[in-house]
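If you want the building blocks of each chain, they are given just below.
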Amino acid sequence: MKSKERMQIPFTDMPTQPPQVRAKNFREVPYGYSEEMAIQEANRCLNCKKPKCVEGCPVRVPIPEFISLVQEGKFLEAAWKIKERNVLPAVCGRVCPQETQCEAQCIRGKKGRSVGIGNLERFVADYERLSGHIPEPIRVSKNGKKVAIVGSGPSGLTTAGDLILQGYEVTVYEAFHLGGGVLVYGIPEFRLPKSVVQFEIQNLENAGVKFVYDSVIGRIRGIDELFTEDGYDAVYVGVGAGLPVFMNIPGENLQGVYSANEYLTRSNLMKAYLYPEYNTPLLTGKNVVVVGGGNVAMDSARTALRLDADNVYIVYRRSREQMPARLEEVHHAEEEGIQFRLLSNPVEIMGDEKGRIESIRCQRYELGEPDKSGRARPVPIEGDYFVLNSDLIIIAIGNKANPLITMTTPDLEVNKWGNIVTDELGRTSKPFVYAGGDIVTGAATVISAMGAGRRAAMAIHEDLFPTTEVKTEGFTIPKETLEIKHAAIYPKTVYLRLNLINSSEKELDQVKIRISHVHDFFETTMFETTIPRWSPGEEHEFDCPRIDKNEKEYLITINDLHGKIMSKIIVAEEVKR
Ligand SMILES: Cc1cc2nc3c(=O)[nH]c(=O)nc-3n(C[C@H](O)[C@H](O)[C@H](O)COP(=O)(O)OP(=O)(O)OC[C@H]3O[C@@H](n4cnc5c(N)ncnc54)[C@H](O)[C@@H]3O)c2cc1C
Ligand code: SF4
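Read on for a plain summary of the structure. (Residues numbered from 1 in each chain as written. Chains lettered and ligands numbered in written order. Predicted model: local features only at pLDDT ≥ 70, side-chain atom pairs only at ≥ 80, totals over all residues.)

**Overview of the overall build of the chain**
Heads up, the rule is: Helix numbering and strand numbering both begin at the N terminus, where a helix is a DSSP run of H or I of at least 4 residues and a strand a DSSP run of E of at least 2. Note on method: radius of gyration uses C-alpha positions; expected globular size equals 2.2 Å times residues raised to 0.38. The exposure scheme places C-beta atoms from the backbone and then counts, for each residue, the other C-beta atoms within 10 Å of its own, assigning buried at 20 or more, exposed at 12 or fewer, and partly exposed in between. Each residue is represented by a C-beta atom placed from its backbone, and any two residues with such atoms within 7 Å are regarded as in contact.
Of regular secondary structure, the chain possesses 18 helices and 23 strands. For the chain, whose C-alpha radius of gyration is 25 Å, the value lies close to the compact-globule estimate of 25 Å for 577 residues. If one aligns the C-alpha atoms of the chain with their principal axes, the spans along those axes are about 85 × 65 × 55 Å. Looking at the chain residue by residue over its 577 residues, the buried ones come to 43%. Looking at the chain alone, contacts between residues at least 24 apart form 67% of all its contacts between residues at least 6 apart.

The following block contains the structure:
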């Protein structure tokens, strides 16, 4: 099919439950694509020579490759292609903010709508799960090292998935009775069915990861004891940012005010949404006010609606365009009848003589000059207030780090917000302790937590098996130009991370990176890419699947614009010390 024809195919909308029906049930909102719809949407992809979409993906999913497989109807192969880089595609296809990541960069989107990358990711991941054709987990011989993961959110699960493939004994400690972190206790069933998350956890269990539930590290054991008593060689802390932030306004202690965290945990994890089958106490209200404009606020509002509220209001101090929630969630919330009170902020909660809330007073705002982030600053309008009657108020203005682990591990450096300080690969101030996800960045996204988990798995491997041999030869420009940050051979991929430290501050143009076999006569190329412009201080990472798993040495050639060899690196299979 020619590009011109592809450009003419309209975007394939995903069918959903009608708003009036779904607002009264907890079943998933979108039904998903049929096979025909998926092929039609995949055919909109231009298979660009220099695809931008991949650059927008924090874990570098090979997007054009998987979409090409969908075009050919090879759905299982497409799912496996994604899984080379992303262990939770069914989750990411549903909850990633694609509109600000891969789809924002999609070249097709310059004229019309971007390719529905998230929809396609979700389709192939579901196809694989429902087909039952799940590949047998790769059995890797044990390398003799044990790693403890604290927290089973997306970052912990990703670290666990990567390390088990490298022969580690991996145990995940989780405070709750179920794994998945926010994916199960925060995001509601109608957006991310629990069965999808449980399936991914089951896959990790099948691959050999051990899960220990109801275990709060910092209470049952400290980080130090994991090393001294349990004999772990490394610990990864992926405990998220689960401590709710409140507004500190009068009346916030009245009965009927919940943090979004508590409200959603009671509904999702403790299954209040399945009342009367589960008898979890949860106040329900007829007039509900949710404060905040992110995904957490949308999830709380839509949950309240499904728990029989008549009126649900979102009160948010900025404008609609500035809402951090995914576009789809805002759109779905509006369709379901959630009422938005934008450019408004609560100043006081009023209650009755029994201490129960009755109403909330809000001040109107207007947009002023841009703040540091470049967004127009919301400015209160003096004397302009309104009151909303409410019998349930949910505060969803953010979360911060829970201090339990850091308080019980004093040699773990934290910043002023209580987040653990790490280097770019997740190494903390404490040897062999790594951290990633929301506990490092503050509340962020699923995919960024997964990216952090992956980088930490690399750091753990690099530190526990520090003998990956890297020989460089053939530099024709000053050696300090390119710094090898990390080069390694993993069971499934060859990985290279380079930093340009060009002291003359010059950019390099058209830098070609090639990874090839050393021992075969033809030096078979496994991977080739060109960086059009590489600025000093910029890091690039490359990894490519190994074609022949028996190959132990790889040649990495880096050429400049004129084809002159800047560097030859030979990476040899790591040797256990
Ligand atoms: C309601 C809600 C909706 C969201 N929607 C989206 C969305 O649509 N898209 C998106 O990209 N992001 C969304 N996010 C953000 C995203 O879910 C988080 O950024 C992500 O889950 C962070 O992953 P994590 O692994 O760092 O931590 P978490 O997912 O928070 O997992 C941490 C885990 O550690 C456990 N834990 C904590 N302390 C201990 C301890 N001491 N011992 C043992 N275990 C411990 C916790 O119980 C938890 O299971 C949402 C967040 C919320 C709250
Ligand atoms: S940028 Fe868009 S059109 Fe190009 S390969 Fe990626 S998804 Fe396809």
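On we go.
**Quick word on the site of ligand 1**
Where we set the bar: To decide nearness, the C-beta atom of each residue is placed from the backbone, and the residue is near a molecule or strand if that atom lies within 6 Å of it. Under this grouping Gly is polar, as are all residues other than the nonpolar Ala, Val, Leu, Ile, Met, Phe, Trp, Tyr, Cys and Pro and the charged Asp, Glu, Lys and Arg.
Taken together, 41 residues form the shell around ligand 1, and within it Gly 151, Gly 153, Gly 181, Gly 240 and Gly 437 come nearest. Looking at the shell around ligand 1 residue by residue, the class counts come to 22 nonpolar, 15 polar and four charged.

**Some details on the site of ligand 2**
Lining the immediate surroundings of ligand 2 are 15 residues, of which Cys 45, Cys 48, Pro 51, Cys 53 and Cys 106 lie closest. The element best represented in the shell around ligand 2 is helix H4 (residues 63-71), accounting for three residues. For the shell around ligand 2, the class distribution of residues is 12 nonpolar, one polar and two charged.

**Describing the environment of Lys 286**
For Lys 286, the position within the fold is in the loop between helix H13 (260-268) and strand S7 (287-291). Here the alpha-carbon distance between Lys 286 and Leu 392, two residues 106 residues apart in the chain, equals 7.8 Å. Setting aside residues up to four positions removed in sequence, Lys 286 forms contacts with Ala 309, Asp 310 and Asp 391.

**Describing the environment of Ala 90**
Along the polypeptide, Ala 90 turns up in helix H6 (residues 89-95). Judged by C-beta crowding, with 26 C-beta atoms within 10 Å, Ala 90 ranks as buried. In this structure, the C-alpha to C-alpha distance between Ala 90 and Tyr 127, residues 37 residues apart in sequence, is 9.6 Å.

**Focus on the sheet that holds S7**
Heads up, the condition is: We treat two strands as partners when DSSP finds at least two bridges between them. Note on geometry: axes are C-alpha line fits, over the in-contact stretch for helices, and angles between N-to-C directions span 0 to 180 degrees.
As summarised here, the arrangement of the five strands in space is S6-S13-S7-S8-S9, forming an open sheet in which the pairing is parallel. The open sheet has two edge strands, strand S6 (257-259) and strand S9 (339-341), and neither has a second partner. Direction aside, neighbouring strands of the sheet carry axes that sit 25° apart on average. Taken together, the three bridges between S6 and strand S13 (residues 392-395) define a ladder with parallel strand orientation. Bridging across to S13, Val 257 finds its partner in Ile 393. Packing against the sheet, H13 makes contact with S6 and S13, and its axis sits at approximately 85° to S6.

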